[in-house]
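Structural features, examined
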Amino acid sequence: MELSAVAFYVVAGVTLVAALGVVVARSVVYAALLLILSLVMTGLIYLLLLADFLALIQILVYGGTVSILLLFALMLTPPETRPELNHRGWALGAVTSGALFALLLVASLADKWPAAGAARHISLVDLGRALFSTWAVPFEVASVVLLVALLGALTIARSTSPGSKIARRASA
Amino acid sequence: MVPIEHIMVFTGALFCLGVYGVMARRNAVLVLMAIELMLNAVAINLVAFGTLVYPGQINGMVFAIFVVTIAAAELGLGLAIVLRVYRMRSSINVDDIDLMRW
Amino acid sequence: MDYAWLAPVLPIGAFALNVLIWRQMGARKHALSALTTLAAIGGAFLVFLAVFSDASAHLEETATSSGRHLIFEGTPWFTVGVAPHLYVFAPTLVVDWLSIMMLGVVTFLAFLIEFYATGYMKGDNRYWWFFSVKALFTAAMLGVVLSYNFLLMYICWELVGLCSFLLIGFWYSERANAEAAKKAFITTRVGDVGFFIGLALLFLKTGTFDMKATFAAVESGAIDPATVTIAGILIFLGAMGKSGQFPLHVWLPDAMAGPTPVSALVHSATMVAAGVYLVGRAYPIFHASPTTMGIITTVGTITAIFAATIALTQRDIKRILAYSTISQLGYMIMALGVGAYTAGLFHLFTHAFFKALLFLGAGSVIHSMEPVLHGTGRNPNDIFNMGGLRKQMPVTFWTFLLASLSLAGIAPLAGFWSKDAILVGAYEADAWLPLIVALFTAFLTAFYMFRCIYLVFFGPARWQVATATPDHHDNHSTDHASGHHAEPHESPWTMALPLVLICVPAIAAGWIGIPGFSEAFAETVRFGPMIEEHINLVLAGAGTLAGLLGIGLATLMYLTPVSGPRLISESFPAVYKTLYNKYYFDEMYQWIIDHVVLAIAAMAATVDRKILNDRIVDWCGPFLQGAGARLRLTTSGYIYHYAFGFIIGIMAIGVVISGGIPDMRFALW
């Protein structure tokens, strides 16, 4: 077995264990830290798949920004208001996700997929060229989506002035 | 590198963990975290197909970049909503957010 | 000649201009719309003149029978059907002598009658609307005349019906007029449904509405004879409805509720001619089946005598003319039925002129009687309220007399030649019964027309006696505002001039079809090879004699105020009452509607209310409410419920499109 394959299995195993931890951890902070681990491991998988630029983005965006965002959200919501972690829906969730996994397993293994060819590295130059030529319009649309999301997040999270409709409903 | 089926099983497992998380958790922030897991599973799958099955094709990576972009936007909005809900109802339990119920 | 399409387009443009733009112009709209309509119809008449002179140079190609007419394919409007059976509908126009003849009749008469109407309708507060509808009517009628595609013809045909409805009910504030309009619309619709089914049947067999292709299919025997017969009878139903043939004639006398220019144009010269024209246009379909021809002959013969007998007893001047029209249309249909194609259409041609003239004359009389009888509660249309008018209205009298003589078939006026041609046609087809009926009808026609003339223009002035009250006798100046004591007077020149002008064709229109002398009509409007016509002196003499006998009898009975008519009507009260009540046809139809149609309708209403409504419709609401009350429980407010449904749905879709169920994949892809 070549080295990259061994590395993949190890990294994938760690990712899965961390993800499992995210969904079952008793503590919210643990869950958040395990999620960061899982996301960084995903970045490693990108690296193994020769997508180095994507790995960089993954670690920057998820490992950095997203984790910090999540931790801030946790800090802004005091611990005493946090509900019990799991509720009675967990059994249904387990059954559903189990069924979905079985289906995906069947789909992945039953069909004959094209044999994996020799992975080829894609240079950052090519990626940049593709993004700004073939994918120029979706790229611009994505930037607009980000802008709208930014403004929307601002508007929604802004503190409500007393007497506004939303504030009245909240106090009611 | 490993066969594509193995990667698919791996991403499938990751996705299903995300599904479980969404369904089982009560804390809204944890629900958002589970959604991040699902998005990641999909992005890995895209990159794997792009690199291994169609070597040299760039589309898989481009898609993954878009997924990351959308995920960032989604998380930003989601957390904003959580904060707003918390301020209105002093709770981030998703079961309490049931104004649109019958 | 490829400008013939202008003829219908000009008046429809005038209609659009009137209702879209002039309508906004306040008080000026009346004058503007009258002028526009007159100009458009005048333009259409000029188009006719140009087409006529062009076609005269190409006699052989444009003869109705030659099949080499000038046909214009318009831009396709729409396509129906699936690939191998596509039908592209394009408005196709034809210019042959049949359509040229009708083009001339319609535009000439429409123009003069429009002109007459500018005087007749003066002061009406919907003057502009009258002219707008008349423009639309003229356009539709020209469309019927020129179309060489059954569907296009049907569209125009229905437009003609619509305009007729609008014009009959023009003074709809009186209930009787509105009822008459409704009756005309519904009665002709009975025939139109037949027409439409017939067209659908032909379309089913030939896959086209194009007349040329349809006729070719009929003549080559591509369609089985039974279908041709059925389709022919159904199409003839449409002609019966429009041309007021027995038993669908009941609407035509009532249609006289419209203004007189309407009666003159729509219900004597053009619209009712559409039925006869249809028979002439679609003649190959009828001619291919002896059964159809037999039915056409029978209907025409019955109508001719039946309507003439009713006309004997009517009191309303316009109704007399209406029954006369029905009778003459029956004449034409009968001629077409026995195979005398040229004769039937020739009579259509000449009849249009003298009948329009008669109606305009009647309108002139009514116009002058209205102020005289105003306020007395007596009907200005009733010929027993008139009398002695020849002194006051000389122009009307002389033109009316000429037209009546023409209708009675007195040589050398137009009616003589066409009536003689029909008699000869029936004789040569060995159709003895129609021949005898035709002769007898000619006698009756002359009789009732001169009864009318003597009562209106001769004898004592009954209107005077009627209006004279002891106090105001001979004092014509008093109470002038309400016009109680006005004298009848000749109509204004706008009405008198058309009378004189139409007189010319009413006298001379027959001269283009004198056997052995001038055979322009027979040469051009014919079906099959040209038939050498010759004068049959016996028949001509018999026809003239019948007319003279009728005139003589009328003179004896009505010229001098004797008690002859009263004596007859009192000695045969049953006959008189039957005729006066038009053979009780209206009552019969009313009975059928009351006892059959309404009974079925009541049954249908019961089924609708008790079963459909109470059981099914009323059940829907509670069912949906119950379902909603239960289904809304799924909106639980728990994310995991929603996620569960979402994931299950995704899985199902994944299974289906990934081919987990092979048949489903087939269905989706």
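It should be emphasised that the depicted structure is a prediction, and the values quoted were computed from it without experimental measurement.

Focus on the overall build of chain B
Scanning chain B from N- to C-terminus turns up three helices and zero strands. When the helices and strands of chain B are placed in sequence order, the string is α-α-α. Counting only residues that meet the buried cut, chain B has 66% of its 102 residues in that class. Partitioning the intrachain contacts of chain B with sequence separation of at least 6 by distance along the chain shows that 62% fall at a separation of at least 24.

A few points about the nonpolar core
Within the largest apolar cluster, 201 residues are counted, with the highest numbers of intra-cluster contacts made by L109 and L345 of chain C. At 19 residues, the largest contribution of residues to this core is made by helix α16 (residues 341–373) of chain C. Leaving out residues up to four positions away in the same chain, L345 of chain C has contacts with L98, M101, V276, G280, L336, F521 and V525 of chain C. L14, L30 and A71 of chain B together with A643 of chain C belong to the second largest nonpolar core, which has 82 residues in total.

Describing the packing of aromatic side chains
Given two aromatic rings, one states the distance between the centres and the angle between the planes to describe the pair. Residues and elements named next belong to chain C. Tallied over the full model, the rule gives 39 aromatic pairs over all chains. Aromatic pair Y87 and F209: ring centres 5.7 Å apart, planes at 75 degrees, arrangement edge-to-face. Note that Y87 is positioned in strand β3 (residues 87–89) and F209 in the loop between α7 (175–206) and α8 (211–220), a separation of 122 residues in sequence. For the pair shown, Y87 and F209 are each scored as buried. Taking 6.1 Å as the distance between ring centres and 55 degrees as the angle between the ring planes, the aromatic pair formed by F450 and Y454 counts as tilted. Note that F450 and Y454 are positioned in helix α19 (residues 432–457) at a spacing of four residues, about one turn of the helix. Taking relative accessible area as the criterion, F450 reaches 5% and is therefore assigned buried.

Some points on the interface of chain B and chain A
In this assembly, 71 residues from chain B lie in contact with 92 residues from chain A. Surface buried jointly by chain B and chain A totals about 7400 Å² across both partners, of which 78% is contributed by carbon and sulfur atoms. Ranking the residues of chain B by area buried against chain A places M1, Y20 and R25 of chain B at the top, with a combined share of 10%. At the boundary of chain B with chain A, the tally comes to zero salt bridges. Seen at the junction of chain B and chain A, the total is nine residue pairs in polar contact (both at pLDDT 80 or more). Every element with two or more residues in the side of chain B that touches chain A is listed here: α1 (4–24), α2 (28–53) and α3 (59–89) of chain B. Take the side of chain B that touches chain A: its biggest share by element is 24 residues, from α3 of chain B. Here the side of chain B that touches chain A is built from residues that sort into 51 nonpolar, 13 polar and seven charged.

Re the environment of M75 of chain A
The topology assignment puts M75 of chain A in helix α3 (residues 52–76). Taking the C-alpha atoms as reference points, M75 of chain A and V29 of chain A, separated by 46 residues in sequence, lie 9.6 Å from one another.

Re the confidence of the model for chain B
Of the residues in chain B, 99% have a pLDDT of 70 or more, and the chain-wide mean is 87. Per-element confidence in chain B is highest for α1 of chain B, whose mean pLDDT is 91, and lowest for α3 of chain B, whose mean pLDDT is 88.

Calculation criteria
Residues numbered from 1 in each chain as written. Chains lettered and ligands numbered in written order. Predicted model: local features only at pLDDT ≥ 70, side-chain atom pairs only at ≥ 80, totals over all residues. Heavy atoms only, no water. Helix = DSSP H or I, 4+ residues; strand = E, 2+ residues; numbered from the N terminus. Buried < 20%, exposed > 50% of the residue type's maximum accessible area, 1.4 Å probe, protein only. Contact = heavy atoms within 4.5 Å. Core = buried A, V, L, I, M, F, W, Y, C linked by side-chain atoms within 4.5 Å. Phe/Tyr/Trp six-rings, centres within 6.5 Å; stacked < 30°, edge-to-face > 60°. Buried area = accessible area lost by both parts, 1.4 Å probe. Salt bridge = Lys/Arg side-chain N within 4 Å of Asp/Glu carboxyl O. Polar contact = N/O pair within 3.5 Å; in protein donor to acceptor, adjacent residues only side chain to side chain. Nonpolar A, V, L, I, M, F, W, Y, C, P; charged D, E, K, R; others polar. pLDDT = per-residue confidence, 0-100.

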